[in-house]
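Listed here are the chains, written in short residue letters.
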Amino acid sequence: MACGYAGDVNARTPWLDGFASEAVNFTQAVTPHPLGPQARAALLTGRLCPANGVRSYWDPLPENARTIAHALADRGYKTGFFGKWHLSDRDRSAAFVGEVHAREIVPPARRGGFSFWEGFESGFLLNNPWLHGTRLPEPTRFRGYQADVLCERAGRWWQEMTARNIDGSVPVFAMVSLESPHPPYHEPAPHVQEPSRNTLRLRGNVPLGGEVERRARDELAGYYAHIEATDRAIGRLLAEIPLENTIIILTSVHGDMHGSHGLFRKAWPYEESVRVPLLIRGLRPENRGRVDTSPVSLVDLPHMAVSWAEGREWHCKRDHALISMPAATDIPLQCPHAWRGFRSDQHKVVLKTESDGSETPWLFFDLRNDPLELHNLVNEPARGDELRELMRWL
């Protein structure tokens, strides 16, 4: 995970590092689906794909899908959403990067039940974003770095809600969905210089001496620049929020391969794709700086929030987390297979869906002894009984 507090020497994240020192750090957290729309659907609904109505990259979140916004509104909360939605109908013929998707209007009935909504469908415009929503009936362009714009507007909304609610009688929930760091990685990041490609430290499973290494170093230079710029934007938002009596969650919907195993982008079942940072601040003072190794998944976050809203604690009762891509994707560089599996702190087992719909064992890793997943044990005769036993979890 590309944060200084997580041990990444390439990452300059002073705000996140400070935040981590005051938060619970869930070091085994995963995304249930390492691709944007499916991950967001699970994060919003608390249900895995495709049970939540989203199966493929292009599927919109069903209009009748029940989200965390609905659940908290039922408990008296005002709810707000800011940023990338990525769960509405999209023009499949349009370029991934550009104004077509950025200016597509998400209809009010498709905004997940949030009482206030201001964002954009997609478009990957890391600078000068187009926003629309509750107070912006038509897409409006805002000058500046996308993360800065979104954090500033979310902070203003939070302060507005606080000013209206001096006695604290109406609780507030907000979700801020930032697109960076995300391709195109060499888009300008304000007041940040890309690090030298030659000095970047690569993961031990990136093949060296060829095109993969060259591309990984080139992409990572931009990636880490956007991480620094995004860290700064998050810091400004944190500085504007009254931290007392506020629970703050920081996470990501997926990772990126960046050359590990010779691969790039998302949707792969490897650690670089499925592992995500997860920091939660404000639970209890004695939790500050604590490390939690529970196999928490993004799909758990709505259930956590409901528990806290009801004054209850939430505890992970599983010893593993399910991971999957319920549909194959034909997006370049993404994993072209549908697959499903599970991950615990010790094991990862993944089944690949074949063209006839059957499933075959694809990956089997001993994560404690092989954290870089260099040795696939799926065809090891000596581990056959162990694999068959673990597959019963699926």
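Owing to the predicted nature of the structure, the values given are computational and were not obtained by experimental measurement.

Student: Is there a simple way to think about the pairing of strand 8 (residues 278-281) in this case?
Tutor: For a regular strand, side-chain orientation follows a simple rule: the groups alternate between the two sheet faces. What you see with strand 8 is no split at all: Leu278 and Ile280 on one side and Leu279 and Arg281 on the other are buried throughout. Of the strand pairs in this sheet, strand 7 (residues 248-251) and strand 8 are connected by four bridges, and their pairing is antiparallel. Bridge pairing in strand 8 links Leu250 to Leu279.

Student: Could you clarify how one ought to interpret the packing of aromatic side chains in this entry?
Tutor: In this description, an aromatic ring pair is defined by two values, namely the gap between the centres and the angle between the planes. Under the defined criterion, the tally for this structure stands at 15 aromatic pairs. Measuring from ring centre to ring centre gives 5.8 Å for Trp58 and Phe96, while their planes differ by 40°; the resulting arrangement is tilted. Taken together, the residues Trp58 in the loop between helix 2 (36-45) and helix 3 (68-73) and Phe96 in the loop between strand 2 (78-84) and helix 4 (99-102) connect sequence positions 38 residues apart. Of the residues examined, Phe96 reaches a relative accessible area of 30% and is grouped as partly exposed. Relative to Phe114, the ring of Phe81 has its centre 5.5 Å away and its plane inclined at 55°; by these criteria the two rings are tilted.

Student: What is the right way to read the sheet that holds strand 2 from this model?
Tutor: Through backbone hydrogen bonds, the strands of a sheet pair up, either in parallel or in antiparallel fashion. Ordered by their spatial adjacency, five strands build an open sheet running 5-4-3-2-6, and the pairing between neighbours is mixed. Two strands in the sheet have a free side with no partner beyond their single neighbour: strand 5 (140-141) and strand 6 (172-177). As judged from the five bridges shared by strand 2 and strand 3 (residues 116-120), these two strands associate in the parallel manner. Paired with Lys84 across the two strands is Phe120, which belongs to strand 3.

Student: For this particular structure, what's the right way to read the nonpolar core?
Tutor: A general trend in soluble globular proteins is that nonpolar side chains are found buried together. Ranked by internal contacts, the top residues of the largest apolar core, which has 35 residues, are Ile68, Trp85 and Phe114. Counting only elements with at least two residues in this core, the list comes to strand 1 (24-26), helix 2, helix 3, strand 6, strand 8 and helix 8 (301-309). Of the residues forming this core, the biggest block, five residues, is contributed by helix 8. Those residues in contact with Trp85 that sit more than four places away from it in its chain are Arg40, Leu44, Leu61, Val106, Arg110, Arg111, Gly112, Phe114, Trp117, Phe120 and Glu121. With 33 residues, the next largest nonpolar core counts Leu150, Trp157, Ile234 and Leu279 among its residues.

Student: What is the right way to read helix 9 (residues 384-391) from this model?
Tutor: Given 3.6 residues to a turn, an α-helix orients residues that are three or four positions apart in the same direction. Here helix 9 has its buried residues at Gly384, Leu387 and Leu390. Looking straight down helix 9, one finds its buried side chains confined to an arc of 130°; they lie on one side. Residues of helix 9 that are exposed and point more than 90 degrees away from the buried face comprise Asp385 and Arg388.

Student: Which parts of the structure should I look at to understand the pattern of salt bridges?
Tutor: Pairing is possible between side chains that carry opposite charge, provided their charged atoms lie close to one another. Applying the stated criterion across every chain yields a total of 34 salt bridges. When the shortest N-O distance is used, the salt bridge between Arg203 and Glu272 registers 2.8 Å. With a gap of 69 residues between them, Arg203 in the loop between strand 6 and helix 6 (211-240) and Glu272 in helix 7 (residues 271-274) connect regions that are remote in the sequence. For Arg388, the salt bridge identified is with Asp385, shortest N-O distance 2.5 Å. Separated by three residues within a single helix, Arg388 and Asp385 lie in helix 9, roughly one turn from each other. Three or more residues are tied together by salt bridges with common partners; here these are Glu271, Arg275, Arg343, Lys348 and Glu373.

Student: What is the right way to read the packing of helix 5 (residues 146-164) against helix 6 from this model?
Tutor: For any two helices packed against each other, the geometry is given by the interaxial angle and the distance between the axes. Remark: helix 5 packs on helix 6, axes separated minimally by 9 Å, with the N-to-C direction vectors making an angle of 10°. Comparing the axis directions of helix 5 and helix 6 gives the class roughly parallel. Within the contact between the two elements, helix 5 uses Ala147, Asp148, Cys151, Glu152, Ala154, Gly155, Arg156 and Gln159 and helix 6 uses Ala233, Ile234, Arg236, Leu237 and Glu240. Here the contact of helix 5 with helix 6 is composed, by residue class, of six nonpolar, two polar and five charged.

Student: Please clarify how the pairing of strand 6 should be interpreted in this entry.
Tutor: The alternating pattern of strand 6 places Phe173, Met175 and Ser177 on a buried face and Val172, Ala174 and Val176 on a face that is not buried. When strand 2 meets strand 6, the two strands line up parallel, connected through six bridges. By the bridge assignment, Phe82 is partnered in strand 6 with Val176.

Student: Just to check I follow, could you spell out the environment of Ile331 for this structure?
Tutor: Mapped onto the elements, Ile331 comes out in the loop between strand 10 (321-325) and strand 11 (339-343). We classify Ile331 as buried; its relative accessible area is 11%. Spatially, the C-alpha atoms of Ile331 and Phe96 are 9.9 Å apart, while their sequence positions differ by 235 residues.

Student: Is there a simple way to explain the state of the cysteines in this structure?
Tutor: In protein structure, a disulfide is the covalent linkage between the sulfur atoms of two cysteines. Counting across every chain of the model gives zero disulfides. Free of any disulfide, Cys49 has its nearest neighbouring cysteine sulfur in Cys335, separated by 15 Å. With a relative accessible area of 7%, Cys49 lands in the buried category.

Student: Please clarify how the environment of Trp15 should be interpreted in this entry.
Tutor: With respect to the helices, strands and loops of the structure, Trp15 is situated in helix 1 (residues 14-21). Along the chain, Trp15 and Gly4 lie 11 residues apart, while their C-alpha atoms are 9.8 Å from each other. Sequence-distant contacts of Trp15, that is, excluding residues within four places in its chain, are made with Asp231, Arg232 and Gly235.

What counts as what
Residues numbered from 1 in each chain as written. Predicted model: local features only at pLDDT ≥ 70, side-chain atom pairs only at ≥ 80, totals over all residues. Heavy atoms only, no water. Buried < 20%, exposed > 50% of the residue type's maximum accessible area, 1.4 Å probe, protein only. Helix = DSSP H or I, 4+ residues; strand = E, 2+ residues; numbered from the N terminus. Pairing = 2+ DSSP bridges. Phe/Tyr/Trp six-rings, centres within 6.5 Å; stacked < 30°, edge-to-face > 60°. Core = buried A, V, L, I, M, F, W, Y, C linked by side-chain atoms within 4.5 Å. Contact = heavy atoms within 4.5 Å. Arc of directions from axis to C-beta. Salt bridge = Lys/Arg side-chain N within 4 Å of Asp/Glu carboxyl O. Axes fitted to C-alpha atoms, helices over the stretch in contact; angles between N-to-C directions. Parallel < 35°, antiparallel > 145°, perpendicular 65-115°, else oblique. Nonpolar A, V, L, I, M, F, W, Y, C, P; charged D, E, K, R; others polar. Disulfide = S-S within 2.5 Å.

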